[in-house]
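Residue-level structural notes
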Amino acid sequence: MTTHEEEHLQQVMQQYGDEILRLCYTYVHSWQTAEDLTQETFLKFYRASGKFRGESTVKTYLFRIAINVCKDYLSSWKYQKIQLSNTLTTFLKSKDNLEQIIVEKSEQQLLVEKIEQLPLKYKDVLMLYYYAELPIAEVAETLGLPVNTVKTRLRRARVQLKLKIEEGEDFSEFA
């Protein structure tokens, strides 16, 4: 690695590190895992820096790499095994009944769960637009989609999310 390449990588990491970390966290809901995935994102960025053609911004390029790294992690056997283990542990430790567990969940946890239930194409636009706070044009560029497609998916994602939240309001009758 040349001094110029090191300086460029350090500059990119300082400029976008926090945003990439937050983006990864929105996918995996674990800061430790998000930090690991952020490091992997920058490693892949460095390895592929010669392939970057400048057709998009560095930020967009990094976000696309980060999304792919997160999706790869979420579809990995390691993640599936961890999720199964966590679910079983929670179930076995829980002495409360289902109604009490539902009542104790915070609104934010419920919102995240509802977002997780959405199809990936809707989840991606929501995450980039609301959590990464990218403008619609950058969301479109990051996902490689036309702007109108992003607008449509964002609108449909909001409608589906609203329906899922309204379905969840029935839980209040258990309280």
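Notes on the structure follow. (Residues numbered from 1 in each chain as written. Predicted model: local features only at pLDDT ≥ 70, side-chain atom pairs only at ≥ 80, totals over all residues. Heavy atoms only, no water.)

1. So, the overall build of the chain
The line we're drawing: Numbering of helices and strands runs from the N terminus, with a helix taken as a DSSP run of H or I at least four residues long and a strand as a DSSP run of E at least two residues long. Accessibility here uses a 1.4 Å probe with only protein chains present; expressed as a share of the type maximum, an area under 20% marks a residue as buried, one over 50% as exposed, and anything in between as partly exposed. The contact criterion used throughout is that any non-hydrogen atoms of two residues lie within 4.5 Å. Surface accessibility in these figures is a Shrake-Rupley result with a 1.4 Å probe; residues are shielded only by whichever protein chains are displayed.
The number of helices and strands found in the chain is nine helices and zero strands. Listed by position from the N terminus, the elements making up the chain come as α-α-α-α-α-α-α-α-α. Looking at the chain residue by residue over its 175 residues, the buried ones come to 33%. The contacts of the chain with a sequence gap of at least 6 include a subset with a gap of at least 24, amounting to 63%. Surface accessibility of the chain: about 11,500 Å² in total, with carbon and sulfur atoms responsible for 52%.

2. Re the pattern of salt bridges
A side chain of one charge can pair with a side chain of the opposite charge if their charged atoms are brought near each other. The test is simple: Whenever a carboxyl oxygen of Asp or Glu lies within 4 Å of a side-chain nitrogen of Lys or Arg, that contact is scored as a salt bridge.
Under the defined criterion, the tally for this structure stands at three salt bridges. Between K59 and E19 there is a salt bridge whose closest N-O contact spans 3.1 Å. With K59 in helix α3 (residues 58-74) and E19 in helix α1 (residues 3-28), this pair connects stretches of sequence that are 40 residues apart. Since its relative accessible area comes to 17%, K59 is described here as buried. Here E116 and K123 are joined by a salt bridge, their closest N and O atoms 2.9 Å apart. What makes E116 partly exposed here is its relative accessible area of 31%.

3. A few points about a nonpolar patch on the surface
This is how it is decided: In this analysis, a patch consists of residues with relative accessible area above 30% that form no salt bridge, clustered at 9 Å for like charges and at 5 Å for the nonpolar side chains Val, Leu, Ile, Met, Phe, Trp and Tyr.
Residues L111, Y130, Y131 and I165 make up a contiguous nonpolar surface patch of roughly 320 Å² in combined accessible area. Examined against the element boundaries, L111 turns out to sit in helix α6 (residues 107-117). Classification of L111 by relative accessible area gives partly exposed; the value is 30%.

4. Remarks on the nonpolar core
The condition is simple: By nonpolar core is meant a set of buried Ala, Val, Leu, Ile, Met, Phe, Trp, Tyr and Cys residues that side-chain atoms within 4.5 Å join together.
Grouped together as the largest cluster of nonpolar side chains are 40 residues, with contacts concentrated most on I20 and L128. Sorting the residues of this core by element identifies α1, α2 (31-47), α3, α7 (120-131), α8 (136-143) and α9 (147-168) as the ones contributing at least two each. Broken down by element, this core gets its largest block of residues, ten residues, from α3.

5. As for a negative patch on the surface
Note the following rule: Under the counting rule used here, the positive set is Lys and Arg, the negative set is Asp and Glu, and His together with the chain ends is not counted. Where a charge lies is defined by one atom per residue type: Lys uses NZ, Arg uses CZ, Asp uses CG and Glu uses CD.
Taken together, the side chains of E35, D36, E40 and D72 present a region of like negative charge at the surface. Sorting elements by how many residues they give to the negative patch places α2 first, with three residues. What makes E40 partly exposed here is its relative accessible area of 34%.

6. Digging into the state of the cysteines
For the record, the criterion: Note on terminology: pairs of cysteine sulfur atoms within 2.5 Å are recorded as disulfides.
Counting across every chain of the model gives zero disulfides. Of the cysteine sulfurs around C24, a residue in no disulfide, the closest is that of C70, at 3.6 Å. Given a relative accessible area of 0%, C70 falls into the buried group.

7. Comments concerning α2
To be explicit about the condition: Take the residue count of a helix, subtract one, and multiply by 1.5 Å to get its expected span.
Helix length check: α2, at 17 residues, gives a terminal C-alpha distance of 24 Å against a target of 24 Å (1.5 Å per residue), a fit within 8%. Of all the positions in α2, only T33, A34, L37, T38, T41, F42 and F45 are classed as buried. In the core, the buried residues of α2 are packed alongside α1 and α3.

8. Examining the packing of aromatic side chains
Stated precisely, the cut-off is as follows: Any two of the Phe, Tyr and Trp rings considered here, Trp counted by its six-membered ring, make a pair once their centres fall within 6.5 Å; the pair's planes then place it as stacked at under 30 degrees, edge-to-face at over 60, or tilted in between.
One pass over the full model with this rule turns up three aromatic pairs. Plain terms: the ring middles of Y25 and W31 are 4.0 Å apart, the flat faces sit at 10° to each other, and that makes the pair stacked. Taking the relative accessible area as the measure of exposure, Y25 reaches 27% and is therefore partly exposed. On the basis of relative accessibility, which here comes to 44%, the residue W31 falls in the partly exposed class.

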